[in-house]
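Commentary on secondary and tertiary structure
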Amino acid sequence: MNTTLDFDKAGGLVPAVAQDADTGEVLMLAWMNREAFEETVRTGRAVYFSRSRNKLWRKGEESGHVQEVKSIFVDCDADTVLLKVTQLGGAACHEGYKSCFFRQLDGDELKVIAERIFDPKAVYKK
């Protein structure tokens, strides 16, 4: 696939923002390499590149909380991807929340502002 994404600018990776296709809520930020992007386009399921594990990360492969991709956007500099997704299972965050952005800065304190959907200890076998 010939994409116009600039994977070279950040060492082979581009940031990928996952947004709820219905509500517009930002669910998470991850990274994609060319292979992850192409598999996402081909399968309609979100695939990212895990920097900590140095391998492809098929969203939901352990938790079952997959992201069905409804549309894909590329920013003006061709170095960031926006995925509008349907989040199956209700939680995008590995800590069990709908969104990875479940904490809000209140003065000098971070406060949890969301309800946990699942217990990560019960879902992940680490």
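Structure: see above.
The present account deals with the structure reproduced in this document. (Residues numbered from 1 in each chain as written. Predicted model: local features only at pLDDT ≥ 70, side-chain atom pairs only at ≥ 80, totals over all residues. Heavy atoms only, no water.)

**Side note on unusual backbone geometry**
At asparagine 54, a position not held by glycine, the phi torsion is positive, near 55°. As for its placement among the helices and strands, asparagine 54 is situated in the loop between strand 3 (47–50) and strand 4 (55–58). A relative accessible area of 57% places asparagine 54 in the exposed class. Located in the positive-phi region is alanine 78, a residue other than glycine, with phi close to 60°. Tracing the chain through its elements places alanine 78 in the loop between strand 5 (67–74) and strand 6 (81–87). Classification of alanine 78 by relative accessible area gives buried; the value is 16%. (Helix = DSSP H or I, 4+ residues; strand = E, 2+ residues; numbered from the N terminus. Buried < 20%, exposed > 50% of the residue type's maximum accessible area, 1.4 Å probe, protein only.)

**Concerning the pattern of salt bridges**
All told, the structure shown has 7 salt bridges when counted by the stated rule. Arginine 58 is the salt-bridge partner of glutamate 39, the closest N and O atoms lying 2.7 Å from each other. Of the two residues, glutamate 39 is situated in helix 1 (residues 34–43) and arginine 58 in strand 4; the sequence distance between them amounts to 19 residues. For glutamate 62, the salt bridge is made with arginine 53, and the minimal N-O distance between the two is 3.8 Å. A relative accessible area of 39% means that glutamate 62 is categorised as partly exposed. Arginine 53 gets classed as partly exposed once you look at its relative accessible area, which sits at 37%. Several salt bridges share partner residues, and in doing so they unite Arg45, Glu68 and Lys70 into one network. (Salt bridge = Lys/Arg side-chain N within 4 Å of Asp/Glu carboxyl O.)

Geometry only, nothing functional implied.
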